[in-house]
Amino acid sequence: MQASRAHSTSVRCMQHRLITPRTAVIYRCNRFPWNVSRVVGRYVFGRADHRDATVMAQAEPTVLSDVSNGIATVTLNRPKALNSLNQDMVDILLGLYKNWQNSKDVHAVIVKGAGGKAFCAGGDVKYTVQQIMAGQRDEAPRFFTHEYTMNNVIAKYPKPYISLLDGIVMGGGAGVSIHGTFRVATEKSMFAMPECGIGLFTDIGSAYFLSRLPGELGMYLALTGQRLKGIQMKEATLATHYLPSHRLPELEQAVHDLGPKAAQHSSIHTLLCSLEEKDTAPQQSDLLLRLPEMSACFNKDSVEDVYVALQELGTDWSQATLQLLHGGSPTSQKIVFKHVKAARNMSLAKVLETDFRLLHHMCHISHDFVEGIRAKLIEKDNNARWKPATVHEVSETVVNAYFKPLQASEELHLEETVQHLQSRL
């Protein structure tokens, strides 16, 4: 795809090339920790059969791309599924990003979601579990090699990468955005990493950025799946800037007007700050005021100690937090706890490689991953029967089994990169 001229493409030709009868259509719908039944039903999960490639190619394009005046714009275009990622979308995005990163005709990349309700609500887990249930355990992890590779490409992207987080940002949606240099939140933004509630773990390299949030906020978010809304994303440093939703078109036009200067991270940063200054900042939330409580309860040596600290604190906040924890998989919580702790001293590439190792073992030895998806997304009885049922019953031997190295040919190997939460200036 040539980036040397302005074009608006539906990437139908690329989809036709990528979609095969064997393609896994993956909608990684991560559960909301609140009122999950209302939201989950809106996703399109998996499919009963592999539809003909020609039919799929004629469907509405799932990724839209446009290059104008040196600015590449990507739109995740599955609004009915809240722009959740599937295999073809990830492959298309990887192709676009790799083509643009060395093109002299592309100065910066803007990424957004269609429909006005979500940036991207995640990717696939249901189809993965269906593969596991069908005995295809070796096939199940393959999608994630592509997704995690894309996450790493975004993190080391040499050009300004601007995500417009105008709506839901969960799971895989965080992987498409948080690893980039600029993340613009709005009053419609909603972030969550609720994988413990489906027996999974916080993947897509999220242990890297969660472990670097203020205080113990990242551990709190990882274990509870609690949501952040609007300005809270910037307060948490997950977003670099904040603008009202109605001003995003103005931002896009201003980036286009920069022309070649848009290639400079400092120019984008200055532009975003100047736009922010034109609006009265939203009232500060109580998120950062909760940091002392989070530190007191989550800066512990074990998940068991976290439960005890919350119980002893005895506040409305601690009791609500315990309620969230009780809904999650004890095994997932202990895996996530260890992973986030270790990630504080790891590069993003190493975190993503560990993610793949964990995911591989989840597909082969986990009871809770299959059970969580069954309860939330397949039978939808919202009554997951975790085994073991409490964190006290989850031994270190069980946890360590998920971190066990794979065969050399099975491991994911990624290029190292320097990545951080703040804009590269």
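So, how was this worked out
- Residues numbered from 1 in each chain as written.
- Predicted model: local features only at pLDDT ≥ 70, side-chain atom pairs only at ≥ 80, totals over all residues.
- Heavy atoms only, no water.
- Helix = DSSP H or I, 4+ residues; strand = E, 2+ residues; numbered from the N terminus.
- Buried < 20%, exposed > 50% of the residue type's maximum accessible area, 1.4 Å probe, protein only.
- Contact = heavy atoms within 4.5 Å.
- pLDDT = per-residue confidence, 0-100.
- Pairing = 2+ DSSP bridges.
- Axes fitted to C-alpha atoms, helices over the stretch in contact; angles between N-to-C directions.
- Parallel < 35°, antiparallel > 145°, perpendicular 65-115°, else oblique.
- Left-handed = near helix turned anticlockwise from the far one by under 90°.
- Core = buried A, V, L, I, M, F, W, Y, C linked by side-chain atoms within 4.5 Å.
- Salt bridge = Lys/Arg side-chain N within 4 Å of Asp/Glu carboxyl O.
- Expected span 1.5 Å × (residues − 1).
- Phe/Tyr/Trp six-rings, centres within 6.5 Å; stacked < 30°, edge-to-face > 60°.
- Lys NZ or Arg CZ within 6 Å of the ring centre and 35° of its normal.

Student: Before we go on, may I ask you to explain the side chain of Gln232 in this structure?
Tutor: Following the sequence through the fold, Gln232 ends up in helix H10 (residues 231-235). Residue class for Gln232 comes out buried when judged on its relative accessible area of 16%. Each residue touching Gln232, except ones within four places of it in the same chain, is listed here: Arg227, Ser285, Asp286 and Leu287.

Student: How do you make sense of the confidence of the model for the chain when you look at a structure like this?
Tutor: Should pLDDT be low for a region, the predicted coordinates there are not to be read in detail. When the pLDDT values of the chain are averaged, the result is 87; 84% of them are 70 or greater. Per-residue pLDDT stays below 50 along residues 1-57; that stretch engages in 148 contacts with residues further than four places along the chain or on separate chains. Under a pLDDT of 50 for its full length, residues 419-425 has, in the predicted model, 30 contacts with residues more than four places off or in other chains.

Student: When you look at the sheet that holds strand S9 (residues 190-192) in this model, what are you seeing that I'm missing?
Tutor: What links the strands of a sheet is backbone hydrogen bonding, and the strands pair in either a parallel or an antiparallel sense. With mixed pairing, the four strands of this open sheet are ordered in space as S5-S7-S9-S10. For this open sheet the edge positions go to strand S5 (118-120) and strand S10 (228-229), each flanked by a neighbour on one side alone. Two elements, strand S7 (residues 168-170) and S9, share three bridges in a ladder whose sense is parallel. Counterpart to Val169 in the pairing with S9 is Phe191.

Student: In this structure, what is going on with the packing of helix H4 (residues 87-101) against helix H6 (residues 142-155)? I would like to understand it.
Tutor: If you want to describe how two helices pack, look at the angle between their axes and the distance between the axes. Two numbers describe how H4 lies on H6: the axes approach to 10 Å, and their chain directions differ by 30°. Taken together, the axis directions place H4 and H6 in an arrangement best described as roughly parallel. The interaxial crossing formed by H4 with H6 has left-handed handedness. In this structure, H4 uses Gln87, Val90, Asp91, Leu93, Leu94, Tyr97, Lys98 and Gln101 to contact H6, whose residues at the interface are Phe143, His146, Glu147, Thr149, Met150, Val153 and Ile154.

Student: Honestly, the nonpolar core in this entry has me stumped. Any pointers?
Tutor: Soluble globular proteins tend to pack their nonpolar side chains together in the buried interior. Core analysis: the largest hydrophobic core is formed by 103 residues, its most contacted members being Tyr97, Trp100 and Phe191. Looking at which element gives the most residues to this core, the answer is helix H17 (residues 348-365), with nine residues. For Phe191, the residues in contact, after removing those within four places along its chain, are Val169, Ala174, Phe209, Leu221, Gln226, Arg227, Leu228, Met233 and Leu238.

Student: Honestly, the pattern of salt bridges in this entry has me stumped. Any pointers?
Tutor: Side-chain pairs of opposite charge can arise where the charged atoms are in close proximity. Scanning the entire structure with this criterion turns up 18 salt bridges. Across the pair Asp279 and Arg247 runs a salt bridge whose closest N-O atoms are separated by 2.2 Å. Here Arg247 lies in the loop between strand S11 (241-242) and helix H11 (248-258) and Asp279 lies in the loop between helix H12 (265-277) and helix H13 (291-298), a separation of 32 residues in the sequence. Residue Glu379 pairs with Arg374 through a salt bridge whose shortest N-O separation is 2.8 Å. On the basis of relative accessibility, which here comes to 53%, the residue Glu379 falls in the exposed class. Overall, Arg374 belongs to the buried group, its relative accessible area being 12%.

Student: Help me understand the side chain of Glu304, please; the structure alone is not making it clear to me.
Tutor: For Glu304, the location among the structural elements is in helix H14 (residues 303-313). Contact partners of Glu304, with chain neighbours within four places excluded, come to Lys334, Val391 and His392.

Student: Teacher, can you tell me more about helix H16 (residues 330-343) here?
Tutor: An α-helical turn contains 3.6 residues, so a residue and the one three or four places further along point in the same direction. Relative to the 20 Å expected for 14 residues at 1.5 Å per residue, H16 spans 20 Å between its end C-alpha atoms, a close match to the ideal helical length. Counted residue by residue, H16 has 11 buried out of 14 residues, so it is predominantly covered. Looking only at H16, the buried set comprises Pro330, Thr331, Ser332, Gln333, Lys334, Ile335, Val336, Phe337, His339, Val340 and Ala343.

Student: It is not clear to me how the packing of aromatic side chains should be interpreted in this structure. Could you clarify?
Tutor: Geometry of an aromatic ring pair is reported as the spacing of the ring centres plus the angle between the planes. Overall, the coordinates contain eight aromatic pairs when judged by the stated rule. Ring centres of Phe144 and Tyr148 lie 5.9 Å apart, and the angle between their planes is 50°; this geometry places the pair in the tilted category. Note that Phe144 and Tyr148 are positioned in helix H6 at a spacing of four residues, about one turn of the helix. Neither Phe144 nor Tyr148 differs from the other in exposure class; each is buried. A centroid spacing of 6.2 Å and a plane angle of 70° characterise the contact between Tyr157 and Tyr161, whose relative ring orientation is edge-to-face. Overall, the relative accessible area of 1% leaves Tyr157 in the buried class. What links up through ring pairs into an aromatic cluster is the set Tyr97, Trp100, Tyr157 and Tyr161. When the ring centre of Tyr208 is taken as origin, the NZ or CZ atom of Arg212, which lies over that ring, is 3.7 Å away. In this structure, Lys338 is placed above the aromatic ring of Phe403, and the distance from its NZ or CZ to the ring centre is 4.9 Å.

Student: Hey, could you run me through the pairing of strand S8 (residues 182-185) in this one?
Tutor: In summary, the side chains of a regular strand alternate between the two faces of the sheet. Side chains Phe182 and Val184 of S8 all project onto a buried face; the interleaved residues Arg183 and Ala185 project onto the opposite face, where all are buried too. Pairing between strand S6 (residues 161-165) and S8: four bridges, direction parallel. Across the sheet, residue Ser163 finds its bridge partner in S8, namely Arg183. As judged from the two bridges shared by S8 and S11, these two strands associate in the parallel manner.

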